[in-house]
Amino acid sequence: MVQQWTTHLNDQVIGQSKAIKLSTIALLSGGHVLLEDRPGTGKTTLARSLATSVSAAFQRVQCTPDTLPSDILGMELFNPTTGTFERRTGPIFTSILLVDEINRTTPRTQSALLEAMQERQVTLGEVSLRLPDPFFVIATQNPFDGQGTFPLPQAQLDRFLFKLSLAPLSRESERRLLRNEHLSAAPFTLQQTELAEMQQAVRDVLFHEAMEDYLLDFVEALRHHRDIEVGPSPRATLAYTMAARAHAYMHGRDYVSPEDIRVLALPILGHRIVLTVEASLKTKPSKLIKSVLETIPVPSEV
């Protein structure tokens, strides 16, 4: 079933197999995805294709500088006829939410997603309302050197399992795009019950103590590195374990291997660490993560 799903997505979104794989891992593991790239590279196409490939409620929010929190969450309105407040829920009450160009809206509106992404609930007035299960946010953003963008705070970034960029299209992939081959993809829909079964199978994947030690050694080395000001949070470690389980599941294993941890290091941790001012002038987070990972002894598979 996973193979059919990813094949369908690769037919719809040409030349982005890595981003598709990581996005499906995020959905299977209960995480969220942030896609950052230049306009016109296919971010929204990938997000919409992933959302519509699953038989679940889907909503899209197009962010602008004047988007308000209530445009996403909803609000309580006073009805003068009845003399009571009536609740109007927003588009966030869905299973799959596409937040397009999230960094074009203000920090006040960005923060409206914090509770929902972490606690799977929304507070309107004095009432906290549970969100549907599953609840998956896939957001897109333009690079910060573009006009009219508001950088996401670290607390917001930490709630995204992956931060991804799309791969440049090869000449052949772009030719397929010109010929509209993506429009002739065979229909496929993953039923919500099938998704739930796959998510449960991911939770059942064994994460052996030796793999736990390998992961903990890695994140602790990052936290204590002299060039890192802010290291991975415990929330990042928890997200890492679920993503590693999903990666193992997608490769037909019921246990996590060192490779599952190694291959996910950059998309999980690249946006979660903050370098010191001095280090940021001479290196990048991705290079530092790779160098630290190479120093951690790799356990034999159990």
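Sequence order as written defines residue numbering, which begins from 1 separately in each chain. Two thresholds apply to this predicted model, a pLDDT of at least 70 for residue-level local features and 80 or more for giving and counting side-chain atom pairs, whereas whole-chain, interface and lining totals are computed over all residues. With hydrogens and water set aside, each side-chain value is computed from the structure's full complement of heavy atoms.

Visitor: Got a minute to help me understand the pattern of salt bridges in this structure?
Guide: Note on pairing: side chains with opposite charge can pair once their charged atoms come close. Just to be clear on terms, a salt bridge is a Lys or Arg side-chain nitrogen sitting within 4 Å of an Asp or Glu carboxyl oxygen. Applying the stated criterion across every chain yields a total of nine salt bridges. When the shortest N-O distance is used, the salt bridge between K163 and E36 registers 3.4 Å. Here K163, found in strand 10 (residues 162–164), pairs with E36, found in strand 1 (residues 33–36); they are 127 residues apart in sequence, far enough to count as distant. A salt bridge links R175 to E172, with the shortest nitrogen-to-oxygen separation between them at 3.6 Å. Separated by three residues within a single helix, R175 and E172 lie in helix 8 (residues 171–178), roughly one turn from each other. One continuous salt-bridge network, built from bridges that share partners, spans D158, R235 and R272. Runs of E in the DSSP output that reach at least two residues are strands. Runs of H or I that reach at least four are helices, and both are numbered from the N terminus.

Visitor: Looking at this model, I keep getting lost on the sheet that holds strand 9 (residues 136–141). Mind explaining?
Guide: The strand order across the open sheet built from five strands is 3-6-9-1-10, with neighbouring strands paired in parallel fashion. Across the chains shown, the open sheet's two edge strands, defined by having one partner strand only, are strand 3 (58–62) and strand 10. Between one strand and the next, the sheet's axes are offset by a mean angle of 15°, whatever the strand orientation. Inspection of the sheet shows strand 3 paired to strand 6 (residues 96–100) by five bridges, in the parallel sense. Residue pairing in the sheet places R60 in a bridge with L98 of strand 6. Across the sheet, helix 3 (residues 43–52) is in contact with strand 1, strand 3, strand 6 and strand 9; its angle to strand 9 comes to roughly 170°. Strand pairing is defined by DSSP finding a minimum of two bridges between the two strands. Simply put, an axis is a line fit to the C-alpha atoms, just over the touching stretch for a helix, and the angle between two N-to-C directions goes from 0 to 180 degrees. Residues count as neighbours in contact if any of their non-hydrogen atoms are within 4.5 Å of one another.

Visitor: Looking at this structure, I do not really get the UniProt feature "domain: ChlI/MoxR AAA lid" (unreviewed entry) in the protein chain. What am I missing?
Guide: UniProt positions are given in the numbering used here, feature names are shortened, and annotations may be inferred rather than shown by experiment. Taking the UniProt record as the reference, the feature "domain: ChlI/MoxR AAA lid" (unreviewed entry) is found at residues 221–281. The distance from the first to the last C-alpha atom of residues 221–281 is 21 Å, and the span holds 57% helix and 8% strand.

Visitor: Would you mind showing me how to read the nonpolar core here?
Guide: Across soluble globular proteins, you tend to see nonpolar side chains buried next to one another. Within this scheme, the nonpolar core is defined by two criteria: the residues are buried Ala, Val, Leu, Ile, Met, Phe, Trp, Tyr or Cys, and they are joined through side-chain atoms within 4.5 Å. Burial status follows relative accessibility: with a 1.4 Å probe on protein chains alone, a residue under 20% of its type maximum counts as buried, one over 50% as exposed, and anything between as partly exposed. In this structure, W5, F162, F218, Y240 and I261 are the most contacted members of the largest nonpolar core, which totals 62 residues. If we ignore the near neighbours within four places in the chain, the residues touching Y240 are L215, F218, I261, L264, A265, I268 and L269.

Visitor: Would you mind going over the packing of aromatic side chains with me for this structure?
Guide: Between two aromatic rings, the relevant description is the distance of the centres plus the angle of the planes. Pairing of aromatic rings covers Phe, Tyr and Trp, the last through its six-membered ring, and needs centres within 6.5 Å; plane angles under 30 degrees mean stacked, over 60 mean edge-to-face, and all others mean tilted. Using the criterion set out here, one finds zero aromatic pairs in the structure. Working rule: Lys NZ or Arg CZ, within 6 Å of ring centre, within 35 degrees of ring normal, means a charge sits over the ring. The ring of Y255 carries the charged tip of R253 above its face, separated from the ring centre by 5.6 Å.

Visitor: Quick question: what am I supposed to make of the packing of helix 10 (residues 209–223) against helix 11 (residues 234–250) here?
Guide: Helix-helix packing: each pair is described by the crossing angle between the helix axes and the interaxial distance. Their axes nearest at 11 Å, the elements helix 10 and helix 11 cross at an angle of 150°. On the basis of their axis angle, the class for helix 10 and helix 11 is roughly antiparallel. Where helix 10 crosses over helix 11, the two elements pack in a sense that is right-handed. On helix 11, the residues that touch L215, L216, F218, V219 and R223 of helix 10 are P234, T237, Y240 and T241. Residues are sorted three ways: Asp, Glu, Lys and Arg are charged, Ala, Val, Leu, Ile, Met, Phe, Trp, Tyr, Cys and Pro are nonpolar, and all the rest, Gly among them, are polar. Among the residues making up the contact of helix 10 with helix 11, the classes are represented as six nonpolar, two polar and one charged. Under this scheme an angle from 65 to 115 degrees is roughly perpendicular, one under 35 degrees roughly parallel, and one over 145 degrees roughly antiparallel; angles in between are oblique. Each crossing gets its handedness from the near helix: less than a right angle anticlockwise from the far helix is left-handed, clockwise is right-handed.

Visitor: Looking at this model, I keep getting lost on the pairing of strand 1. Mind explaining?
Guide: A regular strand carries its side chains on alternate faces of the sheet. With burial as the criterion, each face of strand 1 is covered, one bearing V33 and L35 and the other bearing L34 and E36. Here strand 1 runs beside strand 9; their pairing, made up of four bridges, is parallel. If you follow E36 over to strand 9, its bridge partner there is Q141.

Visitor: Mind showing me how you'd approach the side chain of R272 here?
Guide: Looking at the secondary structure, you find R272 in the loop between helix 13 (265–269) and strand 13 (274–275). Pairs of N or O atoms within 3.5 Å make up the polar contacts considered here, provided that, within protein, one atom can donate a hydrogen while the other can accept it, and that residues adjacent in sequence are counted only when both atoms are side-chain atoms. A distance of 2.8 Å separates polar atoms of two side chains, one belonging to R272 and the other to D158. With residues near it in sequence (within four places) discarded, R272 still touches Q154, D158, F160, L161, V230, G231, A236 and A239.

Visitor: For this particular structure, what's the right way to read helix 15 (residues 285–295)?
Guide: Each α-helix winds once per 3.6 residues, and so residues spaced three or four apart point in a common direction. What helix 15 keeps buried is the set L288, I289, V292 and L293. The arc that holds every buried residue of helix 15, seen down its axis, measures 130°, which confines them to one face. Projecting away from the buried face of helix 15 at angles above 90 degrees are the exposed residues K287 and E294. The reported arc concerns the directions from the helix axis to the C-beta atoms and nothing else.

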